[in-house]
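The primary structure of each chain is shown beneath.
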Amino acid sequence: MIIKVQRSVSMPLSERIFMVLVSFFIASLILTNLIAGKYFTCWGLPLSSSTLVYPFTFVMTDIVSEIYGIQRAKLLVSIGFIVSIVVTTFVWIANQLPIDPKSPIDIRSFQQIFGLFPGVVLGSMVAYLAAQFVDVQVFEYLRVLSKNKHLWLRNNLSTLTSQLLDTIIVVTIAWIIWPLIDGNPCTAPIGWQLWSKIVLGQYLFKGILALLDTPVVYASVYLIEKWIGLRPN
Amino acid sequence: MLLEEFRTQYVSQTERAYVLLASLFIGVLLLTNIITSKYITVSHLTFTAGAITYPFTFSLLDIITEVYGKSKAKMVIWMGLVASLFMTLITYIANMIPVYKHSPVPQSAFQAVFGFIPGIVLGSMIAYLASQFIDVYLLELFRRLTNGKYLWIRNNISTLVGQLIDTAIFAGVAWILWPRLGFSSTLEPISWDTWYQITVNEYGFKVIFTFFNIPFVYLGVYLVRRYIKL
């Protein structure tokens, strides 16, 4: 009886849109990690090609948390975590399997992309946790220091610090520590000079992104709420 | 008011499990498209690396259909298509951007892996449509031949033929037609001999997998139902 009811429910529009947001979030998350290794030059600074798709992950979680509440946004983040681990496991297995000489992708190219993949995922997870932790600590320290005043300043300073830490950790683990641990002959760790350029480029990009994020989220939230009828005309 | 009510709604375990299954489906589907151009050797037979992952997309879809019904399963299929197109667009742009000279991943590797993506996504769409049409056509043809009897035989034969066509078209479009179209000059098409081997092996694998899938789906459905307390 209950099973029948559950099965025959047709999806309301709000739920469908939620699933669209979920799908884009998951796709963006995986793509971000997959294409991270290719860098291009933007005003003289190296920038990862994942900057094309990485902003989507933020925009999606922001929209979900604004319209569907913090519970669903948290669900999205933890599911993103699980899917990343599952995908990384499969990538690792696929990379270990003996290649056939007739393969359209040669072994070297495959290893250069997918050999680095676990490092990128590991790096972003460690960076995320560390950044969140430091953000809270800095915020608290500044709160005591400023005697509870200047909230906006505290908020921005703690975010700027934690984002810098985030960038440093992800770049170090993905492009230096992981290639060293993995010892794959097709991938090599980057030099420290390149490291500093990449950190700088990525950090500046994140700053610009934070500014652009707000109007995009505002506009999307307004449109979706109107569409699913949460906003009276 | 309405908005507040919506935002604080409790996320039921039913919904949690659905979002997780749908997300896993999309993640594994995208990954399959990306890794499938690496061919692997298993006891002297050639398979694609995608053969490790794509069975999971079928199992996940079966579990969703069984527990949540057709409407929610269709939604997942549509989202898989949208996510695949999104991936094609993003990887295409990423592949086109001029590379930085000290990039950790060189352009040659990037090109070799992601250059195949448009062909793979295109191939799976054409193969899907063609095999569905042929499936329906054959089912109808056999129905007339058998005067409406032996439904299970008709059903199985049409599915088996449909799957063979699907496999052959997919491999042909992804690894012969797409590289020959020459949008990405460095891609090498496979030989017809390799195409034949891949088609036969992958098809054999699919047929065998269909049987192994059954206990897996039963177990999955049981676990999900227990979790959501149906």
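Our subject in this report is the structure included herewith. (Residues numbered from 1 in each chain as written. Chains lettered and ligands numbered in written order. Predicted model: local features only at pLDDT ≥ 70, side-chain atom pairs only at ≥ 80, totals over all residues. Heavy atoms only, no water.)

Check the secondary structure of chain B and you find eight helices and two strands. Each helix (α) and strand (β) of chain B, taken in turn from the N terminus, gives the series α-α-β-β-α-α-α-α-α-α. Across its three principal directions, the C-alpha atoms of chain B cover 60 × 55 × 35 Å. Taken over 230 residues, chain B has a buried fraction of 50%. The contacts of chain B with a sequence gap of at least 6 include a subset with a gap of at least 24, amounting to 72%. Approximately 11,700 Å² of chain B is accessible, and the part contributed by carbon and sulfur atoms is 70%. Here chain B carries 16 positive and 11 negative side-chain charges, and the mean point of each set is 4 Å from the other. (Helix = DSSP H or I, 4+ residues; strand = E, 2+ residues; numbered from the N terminus. Buried < 20%, exposed > 50% of the residue type's maximum accessible area, 1.4 Å probe, protein only. Contact = heavy atoms within 4.5 Å. Areas by Shrake-Rupley, 256 points an atom, 1.4 Å probe, with all protein chains shown as cover. Lys, Arg positive; Asp, Glu negative; His and termini not counted. Charge placed at Lys NZ, Arg CZ, Asp CG, Glu CD.)

Helices and strands together make up the secondary structure of chain A, namely eight helices and two strands. Order of helices (α) and strands (β) in chain A, N terminus to C terminus: α-α-β-β-α-α-α-α-α-α. Along the three orthogonal principal directions, the C-alpha set of chain A runs to about 60 × 60 × 35 Å. Split into buried and exposed, the 233 residues of chain A put 49% on the buried side. At a minimum sequence separation of 6, the contacts of chain A that also span at least 24 residues come to 69%. Within chain A, one finds 16 positive and 11 negative side-chain charges whose respective centroids are separated by 5 Å.

Relative to the helices and strands, Asp166(A) is located in helix H7 (residues 151-182). Excluding residues within four positions of it along the chain, Asp166(A) makes contact with Ala127(A), Tyr128(A), Ala131(A) and Lys206(A).

Purely geometric numbers; function is a separate question.
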